[in-house]
Amino acid sequence: MPGAGKWRVAVVGATGAVGRVLLELLAQRAFPVRRVTALASARSAGRCLPWGAGEVTVQHLEDFDFREADLALFSAGAAVSREYAPRAAACDCVVIDNTSCFRGDPDVPLVVPEVNPETLAAYARRGIIANPNCSTIQMVVVLKPLHDAAGLERINVCTYQAVSGAGTRALGELEAQSRAVLEGKPVQAEVLPARIAFNALPHIDRFEDNGYTREEMKMVHETRRLLALEELRINPTAVRVPIFHGHSEAVHIETCRKLSASEARELLARAPGIRLLDEPRAGGYPTAAGEAQGSDAVYVGRIREDISHPRGLDFWVVSDNLRKGAALNSIQIAELLISKYLKPKT
C-alpha cells in the first residue's frame, strides 16, 4: 500500500490488461511499495485505476522522470519498451519488461524464478530484465523438474491460447463477435486475423520464413535459453481459441532416460508454483476457465506415458496468462530482486 514500504514502483502500460493485474497483484502480495505510479499514453492520463483500497491517477509516460522510481514494470508493447526502458535504466531504475523487446538480448537476463533464478544476477549489465512469453512460462515451470530428473531430448507442444493474450481490443472483439453469431448478424474481424467466435485460429503473430509463426518461434528460443539447452528440439503449434482468459497446452516430451507417469507426478507435486490435478475421470483434470482463471498456479493433469515412444511422456498444462504468464512472473522477479540484489534509493 502507499507509504507502507521502501520501494517506488512505476507501472508502464497501467491501463492495459496486464497493467491492471500488475497493480492488483502488487497490492495482493503486499509488495513493500512506498509509492506506485501508473503510467500510460496521453489519452489515458487523468484516469483513475484501482490500487489497493483506493485509487491511483494515471500519468502520461512521456512526462515521467524515472529518477523518481526504483523499479519499473513495463507492459505497454515492444515499441514503448524499446524507447523508454533504456531511459529508465539510465536513471538507475531497474526495468522488468513484459514485452518481446529484450527477450533475445544476451545482455538482458530472461527469467522465470522457479526455473533459472540464478541468471537474475546479470541484471546489472543493462538494468533491464526480460519476462518470457506467457505460453513459454507455464510450460517451462513444468519442464524444469522433469528435465532435472531425466533430461529432455525433444518437445512437441500445441497451445490453446486465450484471446486476452492479444489485448483488450481483442477481448472486445470476441465478445462482439459472439453476440453477433448468436443473433445471426454479420461478423467483423478487425483485431484478430479471422473470426475468433466459436472458432480456432492456428495463427498467433506473424508468419516466419520457415512456416512457423513468431509466437511459435518465441517458445523455441525462450525455452532453450531458460533451460540452458541450446540444442533442445522443440516443435510448437500455437492456436488462438475463443475463451477470455487462460492458456492451455498439450505437451509431449521425450526424455533422456525413461520417466514413468508416477515418478513425474511425484516430481511435479513437490515442484514450486505447480498444482497437480491428475485423475483419470470426468473432471479430474484442470481447465483454463475452471482452475486456472484468477489463480497464480500452473496446473498440470492428464499425465501419461506415451504409447508411441519408449521415453515419451504426455501432459496437459493450464495457467492464467495475465497472472503467471505475465504480471505475476514480473512481480516474482521484483520480489527476488529486492530480497537479494537491490537497495532502495535514499
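A few points on the structure.

Conventions we followed
Residues numbered from 1 in each chain as written. Predicted model: local features only at pLDDT ≥ 70, side-chain atom pairs only at ≥ 80, totals over all residues. Heavy atoms only, no water. Helix = DSSP H or I, 4+ residues; strand = E, 2+ residues; numbered from the N terminus. Rg over C-alpha atoms; globule rule 2.2 N^0.38 Å. Buried < 20%, exposed > 50% of the residue type's maximum accessible area, 1.4 Å probe, protein only. Contact = heavy atoms within 4.5 Å. Areas by Shrake-Rupley, 256 points an atom, 1.4 Å probe, with all protein chains shown as cover. Lys, Arg positive; Asp, Glu negative; His and termini not counted. Charge placed at Lys NZ, Arg CZ, Asp CG, Glu CD. 1 Å grid on protein atoms, 1.4 Å probe; cavity = no way out; pocket = protein on both sides within 12 Å on 5 of 7 lines; lining within 4 Å. Points joined across faces, edges and corners; volume = space filled by probe spheres on them. Nonpolar A, V, L, I, M, F, W, Y, C, P; charged D, E, K, R; others polar. Pairing = 2+ DSSP bridges. Axes fitted to C-alpha atoms, helices over the stretch in contact; angles between N-to-C directions. Bend = angle between axes of the 7 residues up to and from the residue. Core = buried A, V, L, I, M, F, W, Y, C linked by side-chain atoms within 4.5 Å. Phe/Tyr/Trp six-rings, centres within 6.5 Å; stacked < 30°, edge-to-face > 60°. Lys NZ or Arg CZ within 6 Å of the ring centre and 35° of its normal.

Considerations on the overall build of the chain
Move 1: Counting secondary structure elements, the chain contains 8 helices and 13 strands.
Move 2: Its C-alpha atoms give the chain a radius of gyration of 20 Å, within 12% of the compact-globule value 20 Å for 346 residues.
Move 3: For the chain, the C-alpha atoms occupy an extent of roughly 60 × 55 × 40 Å along the three principal directions.
Move 4: Going through the 346 residues of the chain one by one, you find that 53% of them count as buried.
Move 5: For the chain, restricting intrachain contacts to residue pairs at least 6 apart in sequence, the fraction spanning at least 24 positions comes to 68%.
Move 6: For the chain, the accessible area works out to roughly 14,900 Å², and carbon and sulfur atoms hold 50% of it.
Move 7: Both charge centroids of the chain, one from 41 positive and one from 41 negative side chains, sit 2 Å from each other.

A closer look at the layout of surface pockets
Once rolled over the atoms, a probe with the size of a water molecule shows which space is left empty.
Move 1: Approximately 1,200 Å³ is the volume attributed to the largest pocket.
Move 2: If you go around the largest pocket, you meet 47 residues; those closest to its centre are S75, G77, G165, A166 and G167.
Move 3: Counting only elements with at least two residues in the lining of the largest pocket, the list comes to α1 (17-28), β2 (33-40), α2 (78-90), α4 (168-182), α5 (214-227) and α8 (323-340).
Move 4: There is about 210 Å³ of room inside the second largest pocket.
Move 5: As for the second largest pocket, its lining consists of S100, R103, G104, L110, R214, M217, K218, H221, E222 and R225.
Move 6: Here the residues of the lining of the second largest pocket sort into 2 nonpolar, 3 polar and 5 charged.

Structural notes on the sheet that holds strand β8 (residues 152-161)
Move 1: With mixed pairing, 6 strands are arranged side by side in an open sheet as β9-β8-β10-β13-β12-β11. A strand with exactly one partner marks an edge of an open sheet, and here the two such strands are β9 (233-240) and β11 (274-276). The sheet shows a mean angle of 20° between the axes of neighbouring strands, taken without regard to direction.
Move 2: In the sheet, β11 pairs with strand β12 (residues 298-305) via 3 bridges, with the strands oriented parallel. For I274, the partnering residue across the bridge sits in β12 and is V298.
Move 3: Lying on the sheet, helix α6 (residues 261-270) is in contact with β11, β12 and β13 (312-319); it crosses β12 at an angle near 165°.

Quick look at α8
Move 1: Most pronounced at N329, the bend in α8 amounts to some 35°.
Move 2: Burial runs high along α8: 15 of the 18 residues are buried.

Structural notes on the nonpolar core
Move 1: Judged by nonpolar contacts, the single largest core of 54 residues is most densely connected at F66, L146, I155 and F315.
Move 2: Sort the elements by how many residues they give to this core and helix α3 (residues 134-150) lands first, with 8 residues.
Move 3: Those residues in contact with F66 that sit more than four places away from it in its chain are A10, V12, L39, L61, A72, F74, A88, C91, C93 and K345.
Move 4: Counting residues in hydrophobic clusters, the runner-up holds 40 residues, among them V21, L25, A40 and L337.

Section: the packing of aromatic side chains
Each aromatic ring pair is described using two quantities: the centre-to-centre distance and the angle formed by the ring planes.
Move 1: Throughout the structure, instances matching the rule amount to 4 aromatic pairs.
Move 2: Ring centres of F66 and F74 lie 6.1 Å apart, and the angle between their planes is 20°; on these two criteria the pair is classed as stacked. Of the two residues examined, F66 and F74, each falls in the buried class.
Move 3: Here Y160 and W316 contribute two aromatic rings whose centre-to-centre distance is 5.9 Å and whose plane-to-plane angle is 40°, an arrangement assigned as tilted. Of the two residues, Y160 is situated in strand β8 and W316 in strand β13; the sequence distance between them amounts to 156 residues.
Move 4: Among the residues examined, W316 registers a relative accessible area of 23% and is labelled partly exposed.
Move 5: Among the aromatic residues, ring-to-ring pairing joins F64, F66 and F74 into one connected group.
Move 6: Sitting over the ring of Y84, R87 keeps its end group 4.5 Å from the ring centre.

Description of the sheet that holds strand β5 (residues 71-74)
Strands belonging to one sheet form pairs held by backbone hydrogen bonds; the direction of such a pair is parallel or antiparallel.
Move 1: Spatial strand order, β3-β4-β2-β1-β5-β6-β7: 7 strands in an open sheet with mixed pairing. Two strands close off the open sheet at either side, each with one partner strand: β3 (48-51) and β7 (128-130). Strand-to-strand twist of the sheet, defined as the mean angle between neighbouring strand axes without regard to direction, takes the value 30°.
Move 2: Where strand β1 (residues 7-12) and β2 come together, 6 bridges link them in parallel fashion. Considered in β2, the bridge of V11 is made with A38.
Move 3: Across the sheet, α2 is in contact with β1, β5, β6 (94-97) and β7; its angle to β5 comes to roughly 175°.
Move 4: Across the face of the sheet, α8 comes into contact with β1, β5, β6 and β7 while running at roughly 155° to β6.

Structural notes on the environment of G273
Move 1: Tracing the sequence through the fold places G273 in the loop between α6 and β11.
Move 2: With 84 residues separating them along the chain, G273 and A189 place their C-alpha atoms 37 Å apart.
Move 3: The contact partners of G273, leaving out residues within four places of it in the chain, are E114, A297 and V298.

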